[in-house]
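# Structural description and commentary
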Amino acid sequence: MPTALITGITGQDGAYLSQLLLKKGYRVVGLLRRSASADVIGERLRWLGILDDVELVDGNLTDLSSLIRVVETVNPDEIYNLAAQSFVAASWQQPLLTGNVTGIGAVNVLEAARIVQSNARFYQASSSEMYGLIQEPVQNEKTPFYPRSPYAVAKLYAHWMTVNYRESFGMHASSGILFNHESPLRGIEFVTRKVTDGVARIKLGLANELALGNLDATRDWGHARDYVRAMYLMLQQEKPDDYVVATGRTTSIRDLCRIAFSVAGLNYEDYVVTNPAFLRPAEVEVLLGDATKAKTILGWEPETTLEGMIAEMVEADLARHSRYQNS
Ligand code: NDP
Ligand code: GDP
């Protein structure tokens with residue numbers, strides 16, 4: 001039975017990746033950072049019904065000694081580094097923490113692997129945010145990067161360190177440049193989930209409006225369930241490499257609102273207002289990925305449409321709020 005160590009197991013992708021690897025017969029061990037809210041921290045794993053099927057070990061991305069101890073005790077065949085301060089907007093408020101966790105933290109995981117178990121296969125959660133001020137209309141593995149936030153700069157550092165450890169130490173280290181991916185388990189502060197949660201609250205009479213920032217930005221949105229499959233496939237290849245994972249379709253926030261409100265039979269124009277508080281100091285206006293390499297080499301294909309995913313998210317948020325209302 002192969003063993004996978006997942007940092008960020010309590011996040012969206014960690015939960016779906018755990019589900020996938022458990023189905024494939026893996027022993028799944030997740031890094032858990034100490035929190036006073038330990039009782040709610042496994043909520044996403046519980047939602048998928050797998051909290052009792054994974055092992056959780058204490059550690060923190062900013063504490064190299066904890067990572068060395070974890071790699072020593074867990075003895076992983078595969079390490080998926082998904083942990084990060086992952087919210088772009090927060091990275092301007094906490095640039096140093098973002099650098100420490102999202103940038104240096106990834107190198108701490110690489111170091112723990114190199115020192116203790118350099119033959120473990122390593123996955124780095126890189127991001128389309130690294131393209132930022134896009135240098136080509138459609139972005140692939142060869143497109144130059146131009147990060148536009150402290151988050152994206154930190155991710156770019158971690159990305160190049162992953163490439164460097166592969167080239168310097170011969171480690172099986174791969175970097176997935178994943179475009180935005182969402183699900184009912186997406187953090188509530190991200191725009192898709194903020195919108196689907198807003199739709200549910202308005203539909204149930206719990207809110208009258210939804211305040212957003214820039215409605216004209218566009219994103220290439222896929223489903224997290226599809227994207228974790230690409231992570232797994234990267235580590236099954238003989239040779240480590242970097243891959244773009246995207247759907248090849250970009251949609252504005254405005255159209256996202258149109259789709260989400262229509263799932264509940266509502267017109268977004270009646271409820272969405274704009275508030276400058278949600279604008280960013282520097283914006284990433286457009287992202288659109290070309291996943292030809294992942295499709296050709298990994299045999300990866302996305303299975304969920306944007307409309308299907310948004311409907312799933314609205315239904316899940318309606319169910320959540322109805323449950324609270326009735327309790
Ligand atoms: P989430 O924000 O949902 O999860 C982040 C995870 O990192 C959580 O488990 C969190 O733990 C953990 N974490 C944060 N700080 C630390 C720390 N100091 N030590 C240990 N663990 C820590 O992110 P997603 O699941 O959405 O994304 C997974 C990865 O992929 C992230 O690195 C993200 O930046 C990257 N990415 C995501 C994309 C997306 O669209 N979702 C696109 C491209 C890249 P806790 O639960 O305790 O907060
Ligand atoms: P990101 O691509 O990782 O920054 O993912 P987000 O979901 O946080 O943001 C996607 C896009 O939605 C960005 O261009 C934001 O500026 C835009 N956006 C517009 N209004 C909002 C909002 O209220 N919250 C968030 N998070 N994003 C918003």
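Residues numbered from 1 in each chain as written. Chains lettered and ligands numbered in written order. Predicted model: local features only at pLDDT ≥ 70, side-chain atom pairs only at ≥ 80, totals over all residues. Heavy atoms only, no water.

## Section: the site of ligand 2
To keep things clear, this is the line we draw: A single heavy atom is enough: if one lies within 4 Å of a molecule or strand, its residue is considered near that molecule or strand. In protein, a polar contact means a hydrogen-donor-capable atom and an acceptor-capable atom, both N or O and within 3.5 Å, with residues adjacent in sequence counting only if both atoms are side-chain atoms; elsewhere, any N or O pair within 3.5 Å suffices. Here, Shrake-Rupley sampling with a 1.4 Å probe gives the accessible areas, and only protein chains in the shown set may cover a residue. Ten residue types, Ala, Val, Leu, Ile, Met, Phe, Trp, Tyr, Cys and Pro, are classed as nonpolar, four, Asp, Glu, Lys and Arg, as charged, and the remainder, Gly among them, as polar.
Inspection of the region around ligand 2 gives 18 residues, with E129, K194, R219, R280 and E283 positioned closest. Contact distances for ligand 2 include 2.7 Å between an oxygen atom and a side-chain N or O atom of E129. Backbone polar atom of G213 to a nitrogen atom of ligand 2: 2.8 Å apart, as the coordinates give it. Protein contact buries 97% of the 530 Å² of open area that ligand 2 shows by itself. Considered class by class, the residues forming the shell around ligand 2 number nine nonpolar, three polar and six charged.

## Quick notes on the UniProt feature "domain: NAD(P)-binding" (unreviewed entry) in the protein
We count it as follows: UniProt positions are given in the numbering used here, feature names are shortened, and annotations may be inferred rather than shown by experiment. Secondary structure elements follow DSSP: runs of H or I no shorter than four residues count as helices, runs of E no shorter than two count as strands, and numbering proceeds from the N terminus.
Residues annotated by UniProt as "domain: NAD(P)-binding" (unreviewed entry) correspond here to residues 5–313. From the first C-alpha to the last, residues 5–313 spans 28 Å; its make-up is 43% helix and 16% strand.

## Regarding helix α9 (residues 224–236)
Heads up, the condition is: Expected helix span is computed as 1.5 Å times (number of residues minus one). The buried label goes to any residue with under 20% of its type's maximum accessible area, the exposed label to any with over 50%, and the partly exposed label to all in between, with areas taken from a 1.4 Å probe on protein chains only.
Taking 1.5 Å per residue, 13 residues should reach 18 Å; α9 reaches 19 Å between its end C-alpha atoms and fits that length. With 11 of 13 residues buried, α9 is to be regarded as a mostly interior element. By the burial criterion, the buried members of α9 are A224, D226, Y227, V228, R229, A230, M231, Y232, L233, M234 and L235.

## Here we look at helix α6 (residues 95–116)
Three or four residues apart is the spacing at which side chains of an α-helix point the same way, because the helix has 3.6 residues per turn. Put simply, the test is: To obtain the bend at a residue, axes are fitted to the seven residues ending there and to the seven starting there, and the angle between these axes is taken.
The terminal C-alpha atoms of α6 lie 30 Å apart, and with 22 residues this matches the ideal 32 Å at 1.5 Å per residue to within 8%. In α6, a bend of some 40° at I104 exceeds every other bend along the element.

## Observations regarding the side chain of E111
Put simply, the rule reads: The criterion used for residue contact is that any of the two residues' heavy atoms lie within 4.5 Å.
Mapped onto the secondary structure, E111 falls in helix α6. Beyond its immediate chain neighbours, meaning those up to four positions away, E111 contacts L64 and Y165.

## Here we look at the pairing of strand β6 (residues 173–178)
We count it as follows: Any two strands with at least two DSSP-identified bridges between them are counted as paired. Note on handedness: a crossover is taken as right-handed if, strands pointing away from the viewer, the path from the first strand over the helix to the second is clockwise.
Most of β6 is tucked away: six of the six residues are buried. The two faces of β6 match: A173, S175 and I177 on one face and S174, G176 and L178 on the other face are all buried. Looking at chain direction, strand β5 (residues 121–127) and β6 are connected through six bridges and run parallel. Residue pairing across strands places S127 opposite L178, the latter belonging to β6. Between β5 and its parallel partner β6, the chain crosses via helix α7 (residues 150–169), and the hand of that crossover is right-handed. When β6 meets strand β11 (residues 242–245), the two strands line up parallel, connected through four bridges.

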